[in-house]
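An overview of the molecular structure
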Amino acid sequence: MKLTNRSKVVSNKEQTGMEKLYLPGILKGMLITGSHLFKRRATVKYPEETRPMAGVYRGWHVLKRDENGAERCTACGLCAVACPAEAITMESAERKKGEENLYREEKYAKTYEINMLRCIFCGLCEEACPKEAIFLTDRLVDTEYEREDFVYGKSKLVEKVDKRIDVTKRQTLEVAAFKKLPGLKHNEVWSGKNLNKGNKH
Ligand code: SF4
Ligand code: SF4
């Protein structure tokens with residue numbers, strides 16, 4: 001029974017002397033290779049060279065610190081609820097006296113994990129966050145050999161105090177306007193004074 005009309009008749013004819021030397025085949029191959037020498041390279045020498053990222057590229061997340069270096073995340077869980085891939089898990093803890101410089105809010109994320117194998121980089125966690133704490137960046141997720149190494153904890157997510165990650169490109173005009181709204185306590189920078197007044201952030 002003939003299933004398709006794509007079948008080809010294979011030629012079993014005897015090879016000529018030239019063909020037995022493989023010379024025509026080698027020359028044809030060299031011509032094809034040579035023609036590519038004068039064409040624009042399609043590849044880059046990564047990681048020394050990188051391609052420019054599109055402005056809308058979404059990669060490795062960052063958990064931001066505020067201007068004083070305190071973690072902004074208050075472990076409210078909204079990002080985890082918004083995440084369609086259920087990639088985010090966290091455990092909250094209450095801030096202790098003397099930890100005000102470490103955590104901006106009275107509650108903070110004791111653990112915070114994102115499973116990069118589940119993440120689809122949709123950015124919904126970023127949109128859901130009321131504290132401007134999580135952003136996606138243009139950094140590529142590391143390559144790993146073990147699946148568990150793709151579960152990023154706070155050590156890989158929270159930005160370093162002395163090595164801040166610029167997320168201004170991700171802050172839309174609407175977000176910038178929202179941050180300027182007076183009266184929104186969570187937009188205020190922490191200071192010892194307003195903490196003692198018992199302000200709700
Ligand atoms: S980018 Fe999307 S899939 Fe990834 S953690 Fe955030 S909400 Fe979940
Ligand atoms: S990153 Fe934002 S949304 Fe997620 S738990 Fe922290 S404060 Fe809440």
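1. Topic: the overall build of the protein chain
- The secondary structure content of the protein chain amounts to seven helices and five strands.
- When contacts within the protein chain are restricted to residue pairs at least 6 apart in sequence, those whose partners lie at least 24 apart make up 73%.

2. Focus: the sheet that holds strand β5 (residues 151-152)
- If you trace the three strands from one edge of the open sheet to the other, you get β2-β3-β5, paired in antiparallel fashion. The sheet is open, and its two edges are formed by β2 (88-94) and β5, each paired on a single side.

3. Quick look at the site of ligand 2
- Around ligand 2, the structure places 13 residues, and the nearest of them are Cys73, Cys76, Cys79, Cys129 and Ile134.
- Residues of the shell around ligand 2, tallied by class, amount to 10 nonpolar, two polar and one charged.

4. What to know about the confidence of the model for the protein chain
- Summarising the model, the protein chain shows a mean pLDDT of 86, and 88% of its residues fall at 70 or more.
- Across residues 190-201, where pLDDT falls below 50, the model places 15 contacts with residues more than four positions away in sequence or in other chains.

5. Details of helix α2 (residues 23-37)
- Given a rise of 1.5 Å per residue, 15 residues ought to cover 21 Å, and the 21 Å separating the end C-alpha atoms of α2 matches this to within 8%.
- Within α2, only zero of the 15 residues are buried, which leaves the element largely exposed.

6. Examining the nonpolar core
- With 21 residues, the main nonpolar core has Leu63, Cys73, Cys79, Ile88, Cys125 and Ile134 as its most contacted residues.
- Residue assignment for this core shows that the elements contributing at least two residues are β1 (59-63), β3 (107-115) and β4 (134-137).
- The element contributing the most residues to this core is β3, with four residues.
- Setting aside anything within four residues of it in sequence, one finds Ile88 in contact with Cys79, Ala80, Cys83, Ile114 and Cys125.

7. Quick look at the site of ligand 1
- If you check the shell around ligand 1, you find 14 residues, and the closest are Cys83, Cys119, Cys122, Leu124 and Cys125.
- Within the shell around ligand 1, the residues separate by chemical class into 13 nonpolar, one polar and no charged.

8. Notes on the environment of Glu148
- Topologically, Glu148 is positioned in the loop between β4 and β5.
- Remark: the alpha-carbon pair of Glu148 and Asn115, spanning 33 residues in sequence, is separated by 8.5 Å.

9. Regarding unusual backbone geometry
- Cis geometry marks the peptide bond from Tyr46 to Pro47; its omega dihedral reads 10 degrees.
- The phi torsion at Ala75 lies on the positive side, around 55 degrees, for a residue other than glycine.
- Here Ala75 shows up in the loop between β1 and α3 (78-82).
- Although it is not a glycine, Glu132 sits at a positive phi angle of roughly 55 degrees.
- Here Glu132 shows up in the loop between α4 (124-128) and β4.

10. Brief notes about the environment of Gly69
- You can see Gly69 is positioned in the loop between β1 and α3.
- You can call Gly69 partly exposed: it has 14 C-beta atoms within 10 Å.
- In contact with Gly69, not counting residues within four places along its chain, are Asn101 and Val161.

11. Quick notes on the environment of Leu140
- Note that Leu140 resides in the loop between β4 and β5.
- Taking the C-beta count within 10 Å as the criterion, Leu140 has 13 such neighbours and is therefore assigned partly exposed.
- Sequence spacing of Leu140 and Tyr57 is 83 residues, and the spatial spacing of their C-alpha atoms is 9.9 Å.
- Leave out the neighbours within four places in its chain, and Leu140 touches Gly59 and Trp60.

Criteria and thresholds
- Residues numbered from 1 in each chain as written.
- Chains lettered and ligands numbered in written order.
- Predicted model: local features only at pLDDT ≥ 70, side-chain atom pairs only at ≥ 80, totals over all residues.
- Helix = DSSP H or I, 4+ residues; strand = E, 2+ residues; numbered from the N terminus.
- Contact = placed C-beta atoms within 7 Å.
- Pairing = 2+ DSSP bridges.
- Near = placed C-beta within 6 Å.
- Nonpolar A, V, L, I, M, F, W, Y, C, P; charged D, E, K, R; others polar.
- pLDDT = per-residue confidence, 0-100.
- Expected span 1.5 Å × (residues − 1).
- Buried ≥ 20, exposed ≤ 12 C-beta atoms within 10 Å, placed from the backbone.
- Core = buried A, V, L, I, M, F, W, Y, C linked by C-beta atoms within 7 Å.

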